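Results of the structural survey
Each chain, letter by letter, is given below.
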Amino acid sequence: MLKSVNLPESKKHIFYSVFGRLEQRVIWKYETNTTDSKPSNVMHMQWCPQQDILGHPNVKLSIMHGGLHGTEEGIYHATPMLHLPGAIDHIGIAARARNLGVAEIINWNELTEDLLL
């Protein structure tokens, strides 16, 4: 729905900076081959088997836009979620997921390194 390749450089920088500080490996769905300089623990994939990833026992968090299907899949697999809503319906879905205790929300205009970390 929301394409990583279209993120402003300032937002990409926030993600790369935070992800680079993590000891975990990060899988980032990224729609094109990129020449971005990224931390060594970040792997870009043009396509991700979302159900397999969400259901993997080593997954600590899924960061998503808050769409209905991804949220349902995250709930099914009991995967903690961070929603960054990108459309009107995502806002309501993310709010409901937060109220159920299965997700947290960060609004795009409030995204900072400290908040993401």
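Residues numbered from 1 in each chain as written. Predicted model: local features only at pLDDT ≥ 70, side-chain atom pairs only at ≥ 80, totals over all residues. Heavy atoms only, no water.

To continue, consider the overall build of the chain. Helix and strand counts for the chain come out as five helices and five strands. Listed by position from the N terminus, the elements making up the chain come as α-β-β-α-β-α-β-α-β-α. Its C-alpha radius of gyration of 14 Å places the chain within 12% of the 13 Å reference for a compact globule of 117 residues. With the principal axes as the frame, the chain shows a C-alpha extent of 35 × 30 × 25 Å. For the chain, with 117 residues in total, the buried portion stands at 35%. When contacts within the chain are restricted to residue pairs at least 6 apart in sequence, those whose partners lie at least 24 apart make up 34%. Element-wise, carbon and sulfur atoms account for 54% of the exposed surface of the chain, whose accessible area totals about 7,500 Å². (Helix = DSSP H or I, 4+ residues; strand = E, 2+ residues; numbered from the N terminus. Rg over C-alpha atoms; globule rule 2.2 N^0.38 Å. Buried < 20%, exposed > 50% of the residue type's maximum accessible area, 1.4 Å probe, protein only. Contact = heavy atoms within 4.5 Å. Areas by Shrake-Rupley, 256 points an atom, 1.4 Å probe, with all protein chains shown as cover.)

With 12 residues, helix 1 (residues 9-20) extends 16 Å between its outermost C-alpha atoms, agreeing within 8% with the 16 Å of an ideal straight helix rising 1.5 Å per residue. The set of residues buried in helix 1 consists of K11, K12, I14, F15, Y16, V18 and F19. At its buried positions, helix 1 is contacted by strand 1 (26-29), strand 2 (42-45), strand 3 (62-64) and helix 5 (113-116). (Expected span 1.5 Å × (residues − 1).)

Let us now look at the side chain of T71. Along the polypeptide, T71 turns up in helix 3 (residues 68-76). Only 3.5 Å separates the side chain of T71 from the side chain of H83, close enough to count as a polar contact. Filtering out sequence-adjacent residues up to four positions away, T71 remains in contact with M64, G66, M81, H83, I93 and A97. (Polar contact = N/O pair within 3.5 Å; in protein donor to acceptor, adjacent residues only side chain to side chain.)

One finds F15, F19, W28, V42, I106, L111 and L116 to be the most contacted residues of the largest nonpolar core, which totals 15 residues. At the level of secondary structure, the elements contributing two or more residues to this core comprise helix 1 and strand 1. With five residues, the single largest contributor to this core is helix 1. I106 has contacts with L82, H83, L84, P85, L111, L115 and L116, leaving out every residue within four places of it along the chain. (Core = buried A, V, L, I, M, F, W, Y, C linked by side-chain atoms within 4.5 Å.)

Moving on to the environment of N58. One can find N58 in the loop between helix 2 (50-54) and strand 3. Sequence spacing of N58 and P85 is 27 residues, and the spatial spacing of their C-alpha atoms is 25 Å.

Interpretation note: all reported values are geometric properties and have no functional meaning in isolation.
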